[in-house]
Amino acid sequence: MEKRKLPAFDFEISPIALGCMSLRGNLKDDQKVIDAAISVGIDFLDTADLYQKGMNEEIIGEVIRDRRKNIILATKVGNQLHEDGNGWDWNPRKDYILRAVEQSLKRLQTDYIDLYQLHGGTIEDPWDETLEAFDILKNQGKIRAFGISSIRPNVIRKVLEMSAPATIMMQYNPLDRRPEETAFPLIAQSDSRVLVRGALAKGLLINKSAEPFLDYSAAKVKEVRELITASGLPSEAFLIRFGLIQPAVGSLVIGTSTVQQIEKMIFAYQQHKLISDDLMKEITAKLPLNSYTQHR
């Protein structure tokens, strides 16, 4: 798998990242999935301190311990777990970020994180101190780059104006084309790039039974899936191409929990290169458009 050099990175990433949230929390089983991903060139792993209350980071740290230098490691911060483990509070404060990174480094068994992301964000957040915390961590060598995770155009616009993050994670797929309206054009003009989550729309456009998605009814979801199927293209390949063809997109973060899913993903990635831009435009023109009604 070829690598991509994003404008704000001094390192390369794979165009497909392994979304580790889908791992099962069993070291033996999860190691097989991570090993399978790395073996086919997916060396970009995305996790968060919130996933499985930190155990997700612990498993990844154990699995990659002896090959850390060959892995691009991304994790997230901002959701502070309650002391009893039941629930969490949003906390983007500088002092919390500087404390939380030490715990993530310990769980991940590393002394640096390639991409440290704020796991959310609202327009009311104290962005001055949040961004200061990331700057401190970069200067300390504890992180190589920072990102945010937000679908809110008003937040994206504000942060791009203050201190452009290396990456912005957001959902994007044929059932959620909201980023095309404002977010993608803004980001494409900057040094930031999008990490797409939800590229497979929870499997609704592949093989899962149709159900409502955002403002779309189950019937509409089924209609979109049939439109893709009628093109004669493998659904997974179309969805990967749909995301990667966007100039603002840097990589797709796709969650998997089995080796078989890794195998399907890499096959789809290989197939997506065979889909022409003209065919993509033809099919995309028939897909529904939606837009943000809040956080504009």
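Residues numbered from 1 in each chain as written. Predicted model: local features only at pLDDT ≥ 70, side-chain atom pairs only at ≥ 80, totals over all residues. Heavy atoms only, no water.

What to know about the sheet that holds strand E5 (residues 72-77)
Sheets are built from strands that pair by backbone hydrogen bonding, the pairs being arranged parallel or antiparallel. Let me state the cut-off plainly: DSSP bridges decide pairing: two strands pair if at least two such bridges lie between them. Numbering of helices and strands runs from the N terminus; a helix is a DSSP stretch of H or I covering at least four residues, while a strand is a stretch of E covering at least two. Axis geometry follows a simple rule: fit a line to the C-alpha atoms, using only the stretch in contact for helices, then measure angles between N-to-C directions, giving values from 0 to 180 degrees.
Here 8 strands make up a closed barrel; going around it, the order is E3-E4-E5-E8-E9-E10-E11-E12 and the pairing parallel. The mean inter-strand angle of the sheet, taken between neighbouring strand axes irrespective of direction, is 30°. Relative to strand E12 (residues 249-255), strand E3 (residues 16-19) runs parallel, the two sharing 4 bridges. Following the sheet pairing, Leu-18 is matched in E12 by Ile-254.

Examining the side chain of Arg-68
Put simply, the rule reads: Whenever a nitrogen or oxygen atom comes within 3.5 Å of another N or O atom, the pair is scored as a polar contact, on the condition that within protein one atom can donate a hydrogen and the other can accept it, and that pairs from neighbouring residues in sequence are kept only if both atoms are in side chains. Any two residues whose heavy atoms approach within 4.5 Å at even a single point are treated as in contact.
Here Arg-68 shows up in the loop between helix H2 (55-64) and E5. Within the local environment of Arg-68, its side chain forms a polar contact with the backbone oxygen of Ile-71, the two atoms lying 2.8 Å apart. Apart from residues lying up to four places away in sequence, Arg-68 is in contact with Leu-73, Thr-110, Tyr-112, Ile-113 and Asp-114.

A look at the pattern of salt bridges
Here is the rule: One speaks of a salt bridge when a side-chain nitrogen belonging to Lys or Arg is within 4 Å of a carboxyl oxygen belonging to Asp or Glu.
All chains considered together, the criterion is met by 20 salt bridges. For Asp-114, the salt bridge goes to Arg-144, with nearest N and O atoms at 2.8 Å. With Asp-114 in strand E8 (residues 113-118) and Arg-144 in strand E9 (residues 143-149), the pair connects residues that are 30 residues apart, well separated along the chain. Measuring nitrogen to oxygen at the nearest pair gives 3.6 Å for the salt bridge that ties Lys-202 to Glu-211.

A look at the packing of aromatic side chains
Keep this limit in mind: Centre distance within 6.5 Å is the pairing criterion for rings of Phe, Tyr and Trp, where only the six-membered ring of Trp is used; planes under 30 degrees apart are then read as stacked, over 60 as edge-to-face, and the remainder as tilted. Working definition: with a 1.4 Å probe on protein chains only, accessible area under 20% of the residue-type maximum means buried, over 50% means exposed, and in between means partly exposed.
Going through the model one piece at a time under the given rule, you end up with 6 aromatic pairs. Geometrically, the ring pair formed by Tyr-116 and Phe-134 is edge-to-face, given 6.0 Å between the ring centres and 85° between the ring planes. Of the two residues, Tyr-116 sits in strand E8 while Phe-134 sits in helix H4 (residues 127-140), which places them 18 residues apart along the sequence. By relative accessible area, Tyr-116 is classed as buried at 0%. Owing to a relative accessible area of 0%, Phe-134 belongs among the buried residues under this scheme. Here the aromatic rings of Tyr-172 and Phe-242 are separated by 4.9 Å at their centres, their planes lie at 20°, and the arrangement is stacked. On the criterion of sequence distance, the pair formed by Tyr-172 in the loop between strand E10 (167-171) and helix H6 (183-188) and Phe-242 in helix H8 (residues 235-244) is long-range, its members being 70 residues apart. Side by side, Tyr-172 and Phe-242 carry an identical accessibility label, which is buried. An aromatic cluster is built from Tyr-172, Phe-184, Phe-238 and Phe-242, whose rings are joined through pairwise contacts.

Things to note about the packing of H8 against helix H10 (residues 277-284)
What counts is decided by this rule: Any angle that falls under 35 degrees is termed roughly parallel, while one over 145 is termed roughly antiparallel, one within 65 to 115 roughly perpendicular, and all others oblique. Polarity classes work like this: nonpolar for Ala, Val, Leu, Ile, Met, Phe, Trp, Tyr, Cys and Pro, charged for Asp, Glu, Lys and Arg, and polar for all others, with Gly in that last group.
It is the contact of H8 with H10, at a shortest axis distance of 11 Å, that shows an interaxial angle of 95°. With respect to their mutual orientation, H8 and H10 come out roughly perpendicular. Across the interface between the two elements, Phe-238, Arg-241 and Phe-242 of H8 pack against Asp-277, Met-280, Ile-283 and Thr-284 of H10. Grouping the amino acids of the contact of H8 with H10 by side-chain chemistry returns 4 nonpolar, 1 polar and 2 charged.

Some details on unusual backbone geometry
One non-glycine residue, Lys-53, lies in positive phi territory at about 55°. Locating Lys-53 in the fold gives a position in the loop between strand E4 (44-46) and H2. For Gln-109, which is not glycine, the phi dihedral falls at a positive 55°. Mapping Gln-109 onto the fold places it in the loop between helix H3 (94-108) and E8. Of the residues examined, Gln-109 reaches a relative accessible area of 33% and is grouped as partly exposed.

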